[in-house]
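# Examining the three-dimensional arrangement
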Amino acid sequence: RASCEMFDPRPQVEATYSQLCREVEGIRLENEVLRKFLERTTHEQPDGEDQLESKRNRQRRRHFPIKISVEQKCEVASSELEMLQQEMSVSQHRNERIADPLRAVLEETDIRINELKKDAYEFKRDIVVGGENMRTGKTMAEKVTRYMEDKLRQRDSLIEKLRLKNATVKSQLQKVEAQLKQKEEMGDVLHYIDFHQLQIENKQYQTRIEERNNELLRLKMSTGKTLHALNTAKQCLSDGIEELDGFNLEISARRGQLCAVLQDGRRAVANMRLAEKATMRLNREQGEAWDIPTTLNYVEQKAHMYKLNELRQNWERKVEIAEMGVKHSSKPSIEIAGSDARCHFAIHSMSPGV
């Protein structure tokens, strides 16, 4: 059992099965291509030659190999590829011929839808909303009639224009038919080679048109990039203009502040000059009154005066006492007179400003 689990053949069988499926699919595709090639070649041969060709094929089948060569496969594949390309081109032209009227119908439908939308908008604007009576709330018949008459006149003018255009186209068609008839009479008729040449020129013109369309697409892409860059530059310019406006407002505000600061500075300078003048004047006045005593001197002089007054009062009491003793004796009076004179001398000597 362990050996069976180690050597499991299922992955190998699955790989072989997938490879066989791919080979079968390839062989089926080759058979389909060969069948189509054989059907096409048999349909291209005339009816009288079918029997001869069948006999030849039966004779050749005896000598045919079992497998065809690679060169034969490539030849069959290239012929089938060319046939498929031709069928694709034919179907593409057929589809284009079918699609052109459908595109015209779609364009006409879009134009008609736009016209109906426009008419509905104008009818709502002029009749439903604009033609309503403010008093009664109903639509006025005169405006409806006038609107319909205007629309009918517009239709009549459009019909007349289309009739004139149709007449012009008919006249041009008659001229072209006359020219074509004249060419047929003169023998200048287009042959197959001319149509072939026209087809070649048409292909060349289509190639040029495709190149011009590619160039137009490239120019549109470059134009889109340029417009994107232009919008970015416009946005940057608008941002710069807004920033410049902000800067201008800030500059004007700063200028007002600067003017105010300059005025304050001028006032400060004027006040400083006045203060300097006042200081100089005070300095001059202080220089002129430099000999005036100070407050401390005044206080000291005042204290000294109080002391002298006390001393004077003491001496006056002493003199009174001495005068009272003079009445009793003359000698004592002489001594008192001498002491009084000494006292007055001492007072005058102690107070020089008195």
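Every value quoted in this text rests on a predicted model; they were computed, and no experiment measured them.

Along the protein, the regular secondary structure elements total eight helices and zero strands. Burial statistics for the protein: of 354 residues in total, 5% are counted as buried. For the protein, restricting intrachain contacts to residue pairs at least 6 apart in sequence, the fraction spanning at least 24 positions comes to 50%.

Another point: a negative patch on the surface. A surface patch of negative charge is lined by D239, E242, E243 and D245. For D239, the location among the structural elements is in helix 6 (residues 192-288).

Take the pattern of salt bridges next. Considering all chains together, one arrives at 13 salt bridges under this definition. A salt bridge links E32 to R35, with the shortest nitrogen-to-oxygen separation between them at 2.3 Å. Here the residue E32 and the residue R35 both occupy positions in helix 2 (residues 10-44), the gap between them amounting to three residues, near one helical turn. E32 gets classed as partly exposed once you look at its relative accessible area, which sits at 30%. Between R312 and E316 there is a salt bridge; the shortest N-O distance is 2.6 Å. Of this pair, R312 and E316 both sit in helix 7 (residues 295-326), four residues apart, which is roughly one turn of that helix.

With that settled, consider the packing of aromatic side chains. Following the criterion strictly, the structure yields one aromatic pair and no others. Here the guanidinium or amino end of K318 rests over the ring plane of W315, the centre of that ring lying 4.6 Å away.

Right, let's get into helix 4 (residues 70-129). At F123, helix 4 shows its strongest bend, of approximately 30 degrees. Of all the positions in helix 4, only V76, S79, E80, A99, E122 and I127 are classed as buried.

A word on helix 7. Taking 1.5 Å per residue, 32 residues should reach 46 Å; helix 7 reaches 46 Å between its end C-alpha atoms and fits that length. Among the residues of helix 7, L308, V319 and A322 are the ones counted as buried.

So, on to the side chain of K151. Tracing the sequence through the fold places K151 in helix 5 (residues 141-186). A relative accessible area of 17% means that K151 is categorised as buried.

Before going further, it helps to examine the layout of surface pockets. In this structure, the second largest pocket spans a volume of roughly 480 Å³. For the second largest pocket, the full set of lining residues is S89, Q92, H93, E96, R97, H196, Q199, I200, N202, K203 and Q206. Residue assignment for the lining of the second largest pocket shows that the elements contributing at least two residues are helix 4 and helix 6. Counting residues per element, the lining of the second largest pocket draws most heavily on helix 6, which supplies six residues. Tallied by class, residues from the lining of the second largest pocket come to one nonpolar, seven polar and three charged.

Nonpolar side chains collect at one region of the surface, where F123, V128, V129 and M148 lie side by side and expose about 330 Å² of accessible area between them. Of the residues forming the nonpolar patch, the biggest block, three residues, is contributed by helix 4.

Turning to the confidence of the model for the protein, a few remarks are in order. On average, the protein scores 78 in pLDDT, and the residues at 70 or more come to 79%. Of the regions scoring below 50 in pLDDT, residues 349-354 engages in four contacts with residues more than four places distant in sequence or in other chains.

The rules behind these values
- Residues numbered from 1 in each chain as written.
- Predicted model: local features only at pLDDT ≥ 70, side-chain atom pairs only at ≥ 80, totals over all residues.
- Heavy atoms only, no water.
- Helix = DSSP H or I, 4+ residues; strand = E, 2+ residues; numbered from the N terminus.
- Buried < 20%, exposed > 50% of the residue type's maximum accessible area, 1.4 Å probe, protein only.
- Contact = heavy atoms within 4.5 Å.
- Patch = residues over 30% accessible without salt bridge, like charges linked within 9 Å, V, L, I, M, F, W, Y side chains within 5 Å.
- Areas by Shrake-Rupley, 256 points an atom, 1.4 Å probe, with all protein chains shown as cover.
- Salt bridge = Lys/Arg side-chain N within 4 Å of Asp/Glu carboxyl O.
- Lys, Arg positive; Asp, Glu negative; His and termini not counted.
- Charge placed at Lys NZ, Arg CZ, Asp CG, Glu CD.
- Phe/Tyr/Trp six-rings, centres within 6.5 Å; stacked < 30°, edge-to-face > 60°.
- Lys NZ or Arg CZ within 6 Å of the ring centre and 35° of its normal.
- Bend = angle between axes of the 7 residues up to and from the residue.
- Expected span 1.5 Å × (residues − 1).
- 1 Å grid on protein atoms, 1.4 Å probe; cavity = no way out; pocket = protein on both sides within 12 Å on 5 of 7 lines; lining within 4 Å.
- Points joined across faces, edges and corners; volume = space filled by probe spheres on them.
- Nonpolar A, V, L, I, M, F, W, Y, C, P; charged D, E, K, R; others polar.
- pLDDT = per-residue confidence, 0-100.

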